[in-house]
Amino acid sequence: TVFSEIGTAITSVNVMEISEKFLKDSVQHNRQENTLTHDELHATVEEFVTSTSCPEILFNVDACLAMFWGTEIKLNQGSQYISNPSWLSIGHSAPASIGHYLKNKKAPLIVTGDGGFQMVSQTYSTMVKLGVPALIIVMNNSVLGIEEYLLDPKSKRNEPLNYAKVSPWNYEAFPQIYNADQSFGVKCTSTESLAKTLADWAAYLNNGTDAKQPWIV
């Protein structure tokens, strides 16, 4: 439970309840055919990071809805986990992963919302420069979803509030934008395509070459 002070009043909020209700009740503002749900993405990532094919990694979950299920995943021995549930600093995951990798040499698997990642997207360039073989999974729904729910949990709007809208980016084009020849970007619209990308990334980490660059989904 987290506490916030509004004037002289103190209100308590059950964060897990908010997360669960948001995922069940929120309107899928930008939901289209052939897109992943939160649950599908979470299940696919969890299956990978707990499998024997997953190498030792840094699993870094940004301040977004994914951090709630991320805390419950039992990683393989040797892997490490970073999250920021106390300060809820959206966007911390990509830059924090750079420092961790330079010290521990564990490839980062990052799950982040699009709003948080857009605040620090230039860190992709730093990853290219320093050879950080991260896999960045951007949950691209074009809305600061938790902000909407906290403001009005009973809302049934068909469109998000203007302040909560996030501009749609072509994240899969980042390798071209940052001139990263060995980087890779792809748009995953199914559990099968995401699972294949995770498996391909694991194979990339184990291919024996020293030149490593980030991937983005």
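Analysis parameters
Residues numbered from 1 in each chain as written. Predicted model: local features only at pLDDT ≥ 70, side-chain atom pairs only at ≥ 80, totals over all residues. Heavy atoms only, no water. Helix = DSSP H or I, 4+ residues; strand = E, 2+ residues; numbered from the N terminus. Buried < 20%, exposed > 50% of the residue type's maximum accessible area, 1.4 Å probe, protein only. Areas by Shrake-Rupley, 256 points an atom, 1.4 Å probe, with all protein chains shown as cover. Polar contact = N/O pair within 3.5 Å; in protein donor to acceptor, adjacent residues only side chain to side chain. Contact = heavy atoms within 4.5 Å. Arc of directions from axis to C-beta. Core = buried A, V, L, I, M, F, W, Y, C linked by side-chain atoms within 4.5 Å.

S.K.: What is the right way to read the overall build of the protein from this model?
M.R.: The secondary structure content of the protein amounts to nine helices and eight strands. Within the protein, the proportion of its 217 residues that are buried is 44%. With an accessible surface of roughly 11800 Å², the protein has 51% of that area assigned to carbon and sulfur atoms.

S.K.: Sorry, what's going on with the side chain of Ser-183 here?
M.R.: Within the fold, Ser-183 resides in the loop between helix H8 (174–177) and strand E7 (184–185). Exposure remark for Ser-183: the relative accessible area of 11% places this residue in the buried category. Polar side-chain contacts of Ser-183 include one of 2.3 Å to the side chain of Tyr-124. A distance of 2.2 Å separates a polar side-chain atom of Ser-183 from the backbone oxygen of Pro-214. If we skip the residues at most four places from it in the chain, Ser-183 touches Tyr-124, Pro-175, Gln-213, Pro-214 and Trp-215.

S.K.: What's the story with helix H6 (residues 123–130) in this structure? I'm lost.
M.R.: Working note: α-helix, 3.6 residues per turn, so residues spaced by three or four point in the same direction. Buried residues of H6: Thr-123, Tyr-124, Met-127 and Val-128, and no others. Relative to the axis of H6, the buried residues are bounded by an arc of 155° and lie together on one face. Looking one or two places after H6, you find Gly-131, whose phi comes out positive at around 70°.

S.K.: In this structure, what is going on with the nonpolar core? I would like to understand it.
M.R.: Among soluble globular proteins, nonpolar side chains are generally buried collectively. Val-45, Phe-59, Leu-109, Ile-137 and Trp-201 are the most contacted members of the largest nonpolar core, which has 31 residues in total. Counting residues per element, the ones that place at least two in this core are helix H2 (38–49), strand E3 (57–61), helix H3 (66–70), strand E5 (107–113), strand E6 (135–139) and helix H9 (191–205). Ranked by the residues each element gives to this core, the list is headed by H9, at six residues. Leaving out residues up to four positions away in the same chain, Trp-201 has contacts with Phe-48, Ile-57, Ala-107, Pro-108, Leu-109, Pro-133, Ala-134, Leu-135 and Trp-215.

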